[in-house]
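# Residue-level structure breakdown
Listed below, chain by chain, are the residues.
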Amino acid sequence: MADLLAIQDPPPERADAVEGDRVELAADFREFGDAHSIEEILRLAREVLGDPTFPTARAWRKAGGRAVGCFPVYTPQEIVHSFGLLPVALSGGGENLEISRADAALGSFLCSISKSTLEAALTGLLEPFDAYLFPYICDVSRNLEGIFSRVLPSRPSHMLHLPQNFTSPSAIPFLVAEYRSLIAKLERLTDRPFSPEQLGRSIELFNEQRALVARLAALQRDAPGKIGLVEYYLLRRLGGLLPREVHIPLLRRALAEIERRERKNKDAIPILLVGPFCEQPTLDLLQLIEDVGCYVVGDELQMLHHWCPSIVPGPDPLESLATAYLRTPVDIGVRLTPTTKGAAIQARLDAARAQGVVFLTAKFCEPALEDVVLYRRALEHRRVPYLHMEFEEKSTTYEQARLQLETFVESILFD
Ligand code: SF4
């Protein structure tokens, strides 16, 4: 086991772990500023996503910056940003990372994102990061943080504990104390003191990004004919990889272009896509959902941008952050909902005017699977059609998924 968990040296020579070319971006990310059309932005996004060596973090380092890898679902990226660090979403290796060492070190019954994240650590692909942040969302993420502490001892990793009892008066002080323990590590890492004023400015910046992402989601919900699901996803995915100062104007430009499109909605079934809040499905699988005749009008993809509507600034920014986490109405598998899971899924259906639900859960993801049981009960009670499919990062054939989705769509059309 000790050998399996040893980092390969030197990491850059582990070319066999990476299928495809490495993407080199300018240190000022000018490629994104110069992109003149949405097609150009999406082409860049696909290139960045296809390269598991984290080209945006590498570019950031070229200018002397330091980056922190943030595991899904919720991490207080505003705090990381307030130290001048780049928070980068660790969303797994996708279909471009060959898993060999992590497969031998972890059980076969674990989700793909845990294996691809460990594989990336063991093969040096996480080299552009100076620290790693894991929220305690499940036993897998908790253990991953422990493994990171052992295999990358020179790079601090931090486990962020999250309260689950929303009604306890201790919940906010508890979360603020958790933030403070993260802050102590970031102060040591950057050799600079925490600044509440700077955190306030970072919260404003992330609120700006959140508002644009919410505008994109509203467009996807109300005028899905104007934007493809993959386009929507890529624009959001970039938001966790680029400096937010680069993503915000980029997204503003893309939104203006999409809103100008004169495309009518097709005759497709509006559905909620529930389950992929942590591990991410492939672009091909997302495309398939649309190809068979569904419009995704509500989803759990890339939750880092919309785990809360907006953070209301208060005198203590740490308390504002904690309050936003605890009071958000957003319901996802790794977080208790302030109502019940049944009421939450019904509220989401009504808000999005969806006709059905596709549960797309990562294989072996217990938090997602547990919620499916609760959601299904409520949907059956209301006679709302649903379909449950599982996915893995390395999925490449979709015949069975296509058949399931087509049958689901036909069952609604001919009901
Ligand atoms: S995919 Fe599910 S089981 Fe795996 S780390 Fe994420 S929440 Fe945990």
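Quick caveat, the model's predicted, so the values are computed rather than measured.

Quick look at the sheet that holds strand β4 (residues 157-160) now. The four strands lie next to each other as β2-β1-β3-β4, forming an open sheet whose pairing is parallel. Every interior strand has two partners, whereas the edge strands, β2 (86-89) and β4, have only one. If you compare each strand with its neighbour and ignore which way they point, the axes differ by 25° on average. Bridging between strand β1 (residues 67-70) and strand β3 (residues 129-135) involves four bridges; their strand directions are parallel. Each residue of the ladder has a partner; that of Gly-69, found in β3, is Tyr-132. Most of the contacts of helix α8 (residues 171-190) go to β4, to which it runs at about 170°, and overall it touches β3 and β4.

Once that is clear, we can look at the site of the ligand. Around the ligand, the neighbouring residues are Phe-71, Cys-111, Ile-113, Ile-137, Cys-138, Val-140, Cys-278, Cys-365 and Pro-367. In terms of residue class, the shell around the ligand is made up of nine nonpolar, no polar and no charged.

Pairing between the strands of a sheet is mediated by backbone hydrogen bonds and can be parallel or antiparallel. The strand order across the open sheet built from four strands is β6-β5-β7-β8, with neighbouring strands paired in parallel fashion. One side of each edge strand has no neighbouring strand; the edge strands of this open sheet are β6 (294-299) and β8 (386-391). Neighbour-to-neighbour, the strand axes of this sheet turn through a mean angle of 30°, independent of strand direction. Pairing between strand β5 (residues 269-274) and strand β7 (residues 356-362): four bridges, direction parallel. The partner of Ile-271 across the bridge, within β7, is Gly-356.

What counts, and at which threshold
- Residues numbered from 1 in each chain as written.
- Predicted model: local features only at pLDDT ≥ 70, side-chain atom pairs only at ≥ 80, totals over all residues.
- Heavy atoms only, no water.
- Pairing = 2+ DSSP bridges.
- Helix = DSSP H or I, 4+ residues; strand = E, 2+ residues; numbered from the N terminus.
- Axes fitted to C-alpha atoms, helices over the stretch in contact; angles between N-to-C directions.
- Contact = heavy atoms within 4.5 Å.
- Near = heavy atom within 4 Å.
- Nonpolar A, V, L, I, M, F, W, Y, C, P; charged D, E, K, R; others polar.

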